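Observations on chain architecture
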Amino acid sequence: MADPKGFLKYTRRVTPKRRPVELRLRDWKEVYEDFSHETLREQATRCMDCGIPFCHNGCPLGNLIPEWNNLVRLGRWREAIERLHATNNFPDFTGRLCPAPCESSCVLGINQDPVTIKQIELEIIDKAFDEGWVVPLPPERLTGKTVAVVGSGPAGLAAAQQLTRSGHRVTVFERADRIGGLLRYGIPEFKMEKRHLNRRLDQMKAEGTEFRTNVNVGVDITADQLRADFDAVVLAGGATAWRDLPIPGRELDGIHQAMEFLPLANRVQEGDDIVGPDGEPPITAKGKRVIIIGGGDTGADCLGTVHRQGALSVHQFEIMPRPPDTRAESTPWPMYELMFRVSAAHEEGGERMFSVNTEEFIGRDGHVTALKVHEVTMVDGKFVRTEGSDFEIEADLVLLAMGFVGPERSELLADLGVELTERGNVARGDDFETSVPGVYVAGDMGRGQSLIVWAIAEGRAAAAGVDRYLMGRSALPAPIKPTTAPQR
Ligand SMILES: Cc1cc2nc3c(=O)[nH]c(=O)nc-3n(C[C@H](O)[C@H](O)[C@H](O)COP(=O)(O)OP(=O)(O)OC[C@H]3O[C@@H](n4cnc5c(N)ncnc54)[C@H](O)[C@@H]3O)c2cc1C
């Protein structure tokens with residue numbers, strides 16, 4: 001039982017400090033300083049274990065938040081990691097990277113700052129790894145069934161771990177040269193050091209999951225071959241088709257998609273030999289005037305990356321208006337709040353510009369030199385140009401971080417014959433089965449561009465569907481259903 005008056009004793013929400021900007025810009029390590037466990041226990045005491053813990057609903061994984069908050073308060077860390085792992089395969093990823101919808105729906109957040117749930121989660125899993133409590137959990141017996149997982153992002157990894165532990169022989173196929181999906185090549189090192197991903201993969205390999213990289217399923221292995229070789233398939237290929245900006249000048253050099261740029265910076269951190277004589281990767285911001293088009297998370301990741309590469313100047317454009325400083329009325333508690341956020345990358349510099357639309361890229365000798373832009377206002381849900389607001393801004397490097405439109409229209413999807421939704425995502429029923437029996441889908445490929453926590457939740461739920469398909473029944477948890485889960 002939690003301390004029902006803890007939030008009265010510890011009224012202030014305390015979160016870890018970020019390392020000084022001038023220090024952290026000199027390296028690619030994570031930006032947060034260590035957090036004292038004594039303070040953490042006080043913060044955990046702020047959780048009152050309210051009668052209806054809305055945080056359970058806020059989290060797609062249904063994390064048992066009040067339970068592990070209380071266990072941390074009592075210093076019972078080993079039980080805390082067991083409760084945490086009961087609903088989340090990878091709290092080491094979500095503890096670092098999740099925007100924490102659970103905190104948005106914390107009851108304490110109605111009239112005080114919410115409990116720092118995400119930090120408690122992170123400290124539990126980091127301590128568990130430090131103490132050697134995170135060990136491989138291989139199955140006691142094998143079922144003789146085989147499953148192919150296509151794609152090694154968080155959805156594919158979660159599905160693979162659940163199914164391997166259930167006794168099926170699971171092979172994860174990844175077309176890239178390393179495992180991890182966006183965890184590996186999208187998310188920069190300063191948000192999550194890749195050693196955290198690697199130690200999880202070590203655990204999964206020891207449990208029996210097989211990983212095969214550099215295999216583009218649908219090309220290197222045909223859909224027919226896949227169906228013939230495996231009893232079931234989980235599609236977890238992500239929503240990798242990026243949104244472009246087809247305006248005059250788009251063909252100029254120096255304009256790149258965020259996901260053409262970020263993987264290169266991540267490869268440098270992996271130690272790949274891709275740098276030129278100047279020590280820089282093929283696309284670099286060093287000494288350049290950079291414009292990032294897109295004000296979301298991907299844009300912020302580009303921002304932190306260009307800072308570390310030594311950009312001369314950076315502007316980040318967002319077409320939407322600046323959100324309010326506090327929770328917008330349109331997103332009342334317990335919804336995930338729309339509000340102005342300052343990420344670590346924003347704190348490091350650059351100018352954020354809202355209500356800005358780019359109409360043309362201007363260039364010289366085939367290379368971008370400037371952007372022609374104007375301000376917009378939103379009228380009846382449509383952007384309307386603000387007369388007299390036109391201006392030009394110089395640029396040597398433009399990064400497009402405007403989101404993703406869905407999965408790629410690949411040979412794999414065509415040859416498998418899976419139905420797509422109106423939005424172009426892979427359609428699925430409540431157990432995450434596609435229109436083709438025995439073929440399941442999880443993560444961004446079925447949901448559209450989303451979050452790691454949703455990918456893990458969908459991977460777990462799809463694994464339960466696959467297990468039932470193979471065995472006739474399943475004891476695996478299925479935290480969500482596509483038809484009832486809200487989109488985000
Ligand atoms: C730059 C960036 C930063 C982000 N930051 C955050 C964040 O901080 N927090 C957060 O919650 N979310 C974040 N997101 C969103 C999050 O990363 C995704 O929602 C999540 O990774 C989706 O997981 P997934 O497993 O569905 O797909 P992905 O992670 O996209 O993985 C799909 C994998 O499938 C592989 N693949 C595709 N087709 C094939 C094929 N035919 N054969 C073999 N392999 C194939 C791809 O190469 C890829 O590796 C970010 C996204 C981006 C782009």
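Along every chain, residues carry numbers that run from 1 in the direction the sequence is written. Predicted model: local features are reported for residues with pLDDT of at least 70 only, side-chain atom pairs are reported and counted for 80 or more only, and whole-chain, interface and lining totals are derived from all residues. As a rule here, side-chain values cover all heavy atoms of the structure and leave hydrogens and water aside.

Under the UniProt heading Pathway (unreviewed entry), the note attached to the chain is "Amino-acid biosynthesis." UniProt positions are given in the numbering used here, feature names are shortened, and annotations may be inferred rather than shown by experiment.

A word on the site of the ligand. Inspection of the region around the ligand gives 32 residues, with Leu97, Glu174, Lys191, Asp444 and Ile452 positioned closest. Between Leu97 and the ligand, the recorded distance is 2.8 Å, taken from a backbone N or O atom to a nitrogen atom. Here Glu174 contributes a side-chain N or O atom positioned 2.7 Å from an oxygen atom of the ligand. Accessible surface area values rest on a Shrake-Rupley calculation with a 1.4 Å probe, where residue burial reflects the displayed protein chains alone. In the complex, 95% of the free accessible area of the ligand, which totals 1000 Å², lies under the protein chains. Mapped by element, the contributors of at least two residues to the shell around the ligand are helix H10 (154-165), helix H15 (297-309) and helix H19 (452-471). Residues are grouped as follows: Ala, Val, Leu, Ile, Met, Phe, Trp, Tyr, Cys and Pro are nonpolar; Asp, Glu, Lys and Arg are charged; all remaining types, including Gly, are polar. Among the residues making up the shell around the ligand, the classes are represented as 16 nonpolar, eleven polar and five charged. In terms of domain composition, the shell around the ligand takes at least three residues from each of domain 2 (146-240 + 405-471) and domain 3 (244-402). Neighbouring residues are identified by heavy atoms, a residue being near a molecule or strand if any of them is within 4 Å of it. Definition of a polar contact: a pair of N or O atoms within 3.5 Å, with one able to donate and the other able to accept a hydrogen when the atoms are protein atoms, and with sequence-neighbouring residues admitted only if both atoms are side-chain atoms. Every helix listed is a DSSP run of H or I at least four residues long, and every strand listed is a run of E at least two residues long, numbered separately from the N terminus. Residue ranges assigned to each domain were obtained from an automatic or database domain assignment.

With axes taken as lines fitted to C-alpha atoms, and helix axes fitted only over the stretch in contact, angles between N-to-C directions fall between 0 and 180 degrees. Running from N to C, helix H3 (residues 37-45) and helix H5 (residues 65-73) point in directions that differ by 135°, and their axes come no closer than 8 Å. What the angle tells us is that H3 and H5 run oblique. Between H3 and H5 lies a crossing of left-handed hand. Contact residues: H3 offers Leu40, Arg41, Ala44 and Thr45, while H5 offers Asn69, Val72 and Arg73. Broken down by class, the residue content of the contact of H3 with H5 amounts to three nonpolar, two polar and two charged. If an angle is under 35 degrees, it is roughly parallel; if it is over 145, roughly antiparallel; if it lies from 65 to 115, roughly perpendicular; otherwise it is oblique. Note on convention: near helix rotated counterclockwise from far helix by under a right angle means a left-handed crossing. Clockwise means right-handed. Only heavy atoms enter the contact rule, under which two residues are in contact if any of them lie within 4.5 Å.

Geometrically, a pair of aromatic rings is defined through the distance of the ring centres and the angle of the planes. Note on aromatic pairs: the rings of Phe, Tyr and Trp (six-membered ring only in Trp) are paired at centre separations within 6.5 Å, and the planes decide the class, stacked below 30 degrees, edge-to-face beyond 60, tilted for the rest. Following the criterion strictly, the structure yields six aromatic pairs and no others. Arranged with centres 6.3 Å apart and planes meeting at 35°, the rings of Trp28 and Phe190 form a pair that is tilted. Taken as a pair, Trp28 in the loop between helix H2 (21-24) and H3 and Phe190 in the loop between helix H11 (182-185) and helix H12 (194-207) lie far apart in primary sequence, 162 residues in all. Only protein chains enter the accessibility calculation, which uses a 1.4 Å probe; a residue whose area is less than 20% of its type maximum is buried, one above 50% is exposed, and one in between is partly exposed. Look at Phe190 and you get buried, because its relative accessible area is 6%. Here, over-ring charges are defined by two tests on the NZ atom of lysine or the CZ atom of arginine: distance to the ring centre within 6 Å, and angle to the ring normal within 35 degrees. The aromatic ring of Phe129 is capped on one face by Arg199, whose charged end is 3.7 Å from the ring centroid.

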